[in-house]
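Residue-level structural notes
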Amino acid sequence: MLLIHCPYCDETLPEAEFTYAGQAHVVRPADPSGESDADWEAFLFLRDNAKGPHFERWRHLHGCGRFFNAVRDTVSDRFLTTYEAGLPRPDLSTLTEDQP
Amino acid sequence: MNAPVSALTPGPLVETDVVRVSLEAPRGRLSLRARGELAPFDVALGLTLPRKIGQRAAGDGIEALCLGPDEWMIHAPEAQVGALLSACATLYERHPHSLVDVSGRETTYVVDGPGALDLLSVGCPRDLDRILPGEGRRTVFDGVTVILWRDGETTARLDVWHSFAPYLSELLETGSRELAADAAAAR
Amino acid sequence: MSSHRVAGKGRIDTTRPVSFTFDGRRYSGAAGDTVASALLAHGVHLMGRSFKYHRPRGPVTAGSEEPNALIGTRRGPGRFEPNTRATVQEIWQGLETTSQNKYPSLKWDVGAVNDAGYMLFSAGFYYKTFMWPKSFWDKVYEPFIRAAAGLGVSPSEDDPDRYASRNMHCDVLVVGAGPTGLAAAHSAALAGAKVVLVDEHAEMGGALLSDPDVQIDGAGAWTWLASRLAELRALGVRTMTRTTAIGYYHQNLVGLCEKLTDHLPDLPADTPRERMWRVRAKRVVLAQGALEKPLVFHGNDRPGVMLAGSAQTYLNRFGVLVGKAPVVLTSHDSAWFAAFDLADAGAKVQAIVDTRDSVRDDLRAGASARGIEVRLSHTATGTSGRLRVKSLRVAPLRADQVGAATEIACDAVLMSGGWTPSLHLFSHTKGSLTWDDTQTTFLPKDTPEDCHIAGASRGLWGYEAALVDGDKAGREAAQALGLKIAAGRFEVAQDRTGSGVSHRELPSDRSPARSKAFVDFQNDVTAKDLRLAVREGMRSIEHVKRYTTNGMATDQGKMSNINGLNIAADALGKPQPQVGLTTFRPPYTPTTFGCFAGYHRGSHFEVTRKTPIDGWAEAHGAAFEPVGQWRRAWYFPQPGESMDDAVRRECRATRESVGIFDASTLGKIEVMGPGAVEFMNRMYTNPWTKLGIGRCRYGLLLGDDGYIRDDGVIGRLGQDRFHVTTTTGGAARVLNTMEDYLQTEWPDLDVWLTSTTEQWATVALNGPNAAALLAPLVEGVTLSDDDFPHMSCAECTVAGMPARLFRISFTGEVGFEVNVPAPMGLRLWELLWERGRQYGITPYGTEAMHVLRAEKGYIIVGQDTDGTVTPYDTGMSWAIGKKKPDFVGMRGLARPDLQAPGRKQLVGLLSEDRSKLEEGAQIVFDPNQPVPMKMVGHVTSSYDVGTSGRPIALALVEGGHDRMGEIVHIPMPDRTIAAKITPTVFVDPDNARLKL
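A quick note: this is a predicted structure, and the numbers were derived from the prediction, not measured. (Residues numbered from 1 in each chain as written. Chains lettered and ligands numbered in written order. Predicted model: local features only at pLDDT ≥ 70, side-chain atom pairs only at ≥ 80, totals over all residues. Heavy atoms only, no water.)

Turning our attention to the domain arrangement of chain B. Residues and elements named next belong to chain B. The domain architecture assigned to chain B consists of domain 1 (11–26 + 105–187) and domain 2 (27–103). Once you take the C-alpha centre of each, domain 1 and domain 2 turn out to be 25 Å apart. When the two sides are added together, the surface that domain 1 and domain 2 hide from each other amounts to roughly 1500 Å², 46% of it contributed by carbon and sulfur. Broken down residue by residue, the surface that domain 1 buries against domain 2 is led by Arg105, Arg138 and Trp149, which jointly contribute 36%. Run the count over domain 1 and domain 2 and you get five salt bridges. Linking glutamate 71 and arginine 138 is a salt bridge whose minimum nitrogen-to-oxygen distance equals 2.8 Å. Of all the secondary-structure elements, those providing two or more residues to the side of domain 1 that touches domain 2 are β8 (106–112), β9 (136–141), β10 (144–152) and β11 (155–161). Of the residues forming the side of domain 1 that touches domain 2, the biggest block, four residues, is contributed by β10. Taken together, the residues that form the side of domain 1 that touches domain 2 break down as four nonpolar, four polar and ten charged. (Domains from an automatic or database assignment. Buried area = accessible area lost by both parts, 1.4 Å probe. Salt bridge = Lys/Arg side-chain N within 4 Å of Asp/Glu carboxyl O. Helix = DSSP H or I, 4+ residues; strand = E, 2+ residues; numbered from the N terminus. Nonpolar A, V, L, I, M, F, W, Y, C, P; charged D, E, K, R; others polar.)

Below you can see the structure in the form of structure tokens.
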């Protein structure tokens, strides 16, 4: 069971308090009806399958209830960082496996 | 099968040498959601809403625990609920918020005694020592969302939605007896 | 005193005799004995038969790595456990134990014929033999394999024991309480860390318990141990015995299995049998020590042949001489000390046979002083004896040539092929290993976890080395936590240092084809099997393992891994590191399902939610069904009624007078804030702007892919306030989805969601008399079509209780849903029940609710839809707000595939022969087409207990909306049923019954 740092609570807590919520930075278009079929397909269905750092979302369900973003290395299964929803992607070159 | 919800009446549930678990009498509970300027709510509620998740504040008979960036659980005597709702309603136009009466939603266990934290560790995966006396958190106990109010070194309250109470009562009772048996074996 | 007990030796308490039975015969032992030590004290070595060849076997070890001495233990009804290691199970007064894999008796076993046929049962036997003919599989092969496979007998009764689990957090967890672990715990605790020290044995001390003559800090090992343990407790170290670290998981989570009662004669009330601890440690120190390796030679499995270190343990810890005339066979110095200890305790050690050509002078002097014959440069080529070893056949080695053999008479062979560091938990961390050629073993290298490994488990040997290394590991763990402590000092005298060499199978003059030199004792894998596997093409150690089953028994290859690797590497002609090691996986030792399940069994099997009215339903004989986490009243059978009878009666009563239904489980969400209307417009398909306060609307929730996700009636209670209801099973999911959109896509909206599912108890009244029953209790609302028409809602008072009243119907009858604060729900229900008697009020369950709604063509999300169904498919385009700029699913609905003709659409079905169709049954257009037929849909709902007078069904059928009146076919195993496509509404299509 992993330990996850909630950026809202500023605490590192057991995975059992959290739920996974899919890939991060997949933004719903402001006007979906203006999207082409191909673009809409990409939004709905196409996701990364990263070997290494992966941008993903978690929710602190049994806690503050917030959705937030994380970078997790899918090889080591370690979190590199977590950050609040809405913030831009962090620079991967600055990340280490020592999340707070 | 465990007990029906209606059989869980206020009073002691289990008492052993090391821990006592009881169900509290009904109390008023309000779920407050608000953003931005909080000072008007401090006035309306008669306490300073804690700004940091896990922190608590108390006013005249009422208590507030910050659960999320824009969320507080407020406990108050049942008789005060109406007045608190009205006081905040007058703020709504200028300070939109959501204040919902959830007095009927939850029930509260009081866990008390030298084995209190051990009993909670039966169901809580998080390190309970990091919830200091006087703080509180929403967390998980045996798969169920709970709000834990740590009132003292060996005293805590556990708020749960009442439909889960028969299930949780069973584990709190089993765990309390188990802890007592552990203590007896250690003597 | 028992025949092989040595007075004054051991840590058992001979003043407290304990009697137990083995295979029905009574034996006496002493408090502190294991089953193995107590039987050995009576000279009994034969404790079981092997798995494949049914060869007689005795214990080879004195610990949890034991492969042979597996027994069944019984403590009355239900309390039987197979495959218990006799070397671990402590005896208690009245314990019943039995041997395994034998028929009719341990001494005379018919299965031993397999032993004579060993030439047939070679590696890959199963793969090669049970291949063809195919028809033999069911009747011949599988029954044979099932009868022959497995070790002990499975328990067949319910387990009456209780199991527990708990979470723990600490600074430093030390696994293993031998000298290394004791030193580590001490330095970490002294530095101020919160330390937990665990050991799988009944006592702490590890190897110190077997080596009392070692002197530490001027005291005997046992004296030092006692004072060190007292000191640790004084420092606040939590010490846990009979506690096995079974697995090392992500980020320093270690699973511990604590056995609390298996050693007790009387079971204390309220104490679980086992407890699973989930320990999250900031640092972990692994100090699991090393495991002794057997030597591989013909007949090395005969009862009486055991590891030298274990013989030393039996003597020093249990006061048992495993043999009075043992011979020692070794390639490592450590066995010499075993020989000395046994000789000093009165055994006539026949010889020390060492494969090496030179040995330390002090060891040779020790043997000489005790008059023990020493044979260097010797190999062993066999043993004799049927149920107990009688002699060891040894031969000199000269340049790997085996010379003339001689027999040494003996009653035990104490062997040592060196030691293997215990790397199991270290490997669980995905730690990397490095091959050490000198020690011929793998040693720990790097680990991604915050983990230290020390002492014999990283190849160090001798007490001083272990103590110093443990102290260092504890200190480093403390330092990593910001704590400081100086290095500890240890003065060790009479240390037992040593070294040795490692072998493949020992050189022999025997034909390899006729040699039974065991590598894996439990799975009966010999050196010959491993070489055969390589000859037959297995190249990876993982393939060799699976082909031969080496290391796959319950001991997980603790003794056999390195010997197996050495032999496979030799056969492959590659160095060991290139062949590699198989993966260690949790659990470290066999662990009961009970321990993993913990509290979650019986009534506590899974989270079960109950409504405030659940107790009433139970008292009134309801049958229940699980819906999501809830248990809901399914139907209320009266005496003598079948389920169909009860549901038919409940349906009729509701259509004819009034039915009462507990709808409390419906999800409820309070949507509040200035952005509430906009939020509802974006979230649901329907338009909400013009919905008046006090009015309700059926809301349909899609995913962005355009498929139906949930539905429910939504009431507007204020300009900025909605009372949203969801399906019972979808409540949590819907709230999560809404929060997701709100938090991450639409942070611009000032609106908040609060779950009120449990704030309200919801009592539904349905039927022509519902209004008459309810009206006298309602204050503030007049229950008429004018004042409170269908699809109205109001905040009012019902029977003096604050209420939210909805006039809605999921049955097609006039319906009300009364929401009162949950603690008042039962009171309201009982009041309505009492006052409803004049109308013959009938409680109905979820089944009648399903029937009544199906008759009206109302869908159930998840039953009539399956995540690939659009509102158009269900004929609900009326629920879609056509003028809205966007809602979740709007763009999805415009996808070409969702617009394409020939989609499966929801229709009614009436079987031509008036039989009830089966839910899930497939539908075809042409029943005469060749198989495989083209399936064009399936039955989603089907009932024959309703009020429409005939069985009805709902189905998804390709292009169904344009096929009204057509006949489709439902092929069943025994016949094909014809059915006519109809509209989905079977009762009151004009909704006349919804009017008062």
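On to the side chain of C:Ser755. Here C:Ser755 lies in strand β40 (residues 752–755). For C:Ser755, the contacting residues outside a window of four places in its chain are B:Val102, B:Arg105, B:Trp161, C:Lys668 and C:Leu735. (Contact = heavy atoms within 4.5 Å.)

Turning our attention to the interface of chain B and chain A. On the side of chain A, 14 residues touch chain B, which itself brings 16 residues to the contact. Both sides of the chain B and chain A interface together cover about 1100 Å² of buried area, and 49% of this is carbon and sulfur. Considering only the side of chain B, the residues that lose the most area to chain A are B:Ile53, B:Arg126 and B:Arg138, jointly responsible for 34% of the buried surface there. Connecting chain B to chain A are three salt bridges. A salt bridge links A:Glu11 to B:Arg126; the shortest N-O distance between them is 2.9 Å.

All names here are of chain C. Of note, threonine 940 is situated in strand β49 (residues 937–943). Of the residues examined, threonine 940 reaches a relative accessible area of 5% and is grouped as buried. Sequence separation of threonine 940 and alanine 953 is 13 residues, and the distance between their C-alpha atoms is 7.4 Å. Ignoring any residue separated from it by four or fewer positions in sequence, one finds threonine 940 in contact with Gln863, Asp864, Leu906, Glu919, Leu954, Ala955 and Leu956. (Buried < 20%, exposed > 50% of the residue type's maximum accessible area, 1.4 Å probe, protein only.)

Scored by pLDDT, chain C comes out at a mean of 94, with 95% of its residues at no less than 70. Interface predicted TM-score (ipTM) for the complex: 0.97; the corresponding pTM is 0.94. (pLDDT = per-residue confidence, 0-100.)

In this section: the pattern of salt bridges. Pairing between side chains becomes possible if they bear opposite charge and their charged atoms approach one another. Evaluation of the coordinates by the stated rule reveals 87 salt bridges over all chains. Of the charged contacts in the structure, one is a salt bridge between B:Arg150 and B:Glu153, with a shortest N-O distance of 3.3 Å. Classification of B:Arg150 as buried rests on a relative accessible area of 4%. A salt bridge links C:Arg903 to C:Asp873; its shortest N-O distance comes to 2.8 Å. Separated by 30 residues along the polypeptide, C:Arg903 in the loop between α25 (896–899) and β47 (904–911) and C:Asp873 in the loop between α23 (846–855) and α24 (890–893) bring together distant segments of the chain. C:Arg903 sits in the buried class, given a relative accessible area of 17%. A residue is classified by how much of its surface remains accessible, and C:Asp873, at 2% relative accessible area, is buried. Because the salt bridges share partners, they merge into one network encompassing A:Arg66, B:Arg33, B:Arg35, B:Asp70, C:Glu739 and C:Asp750.

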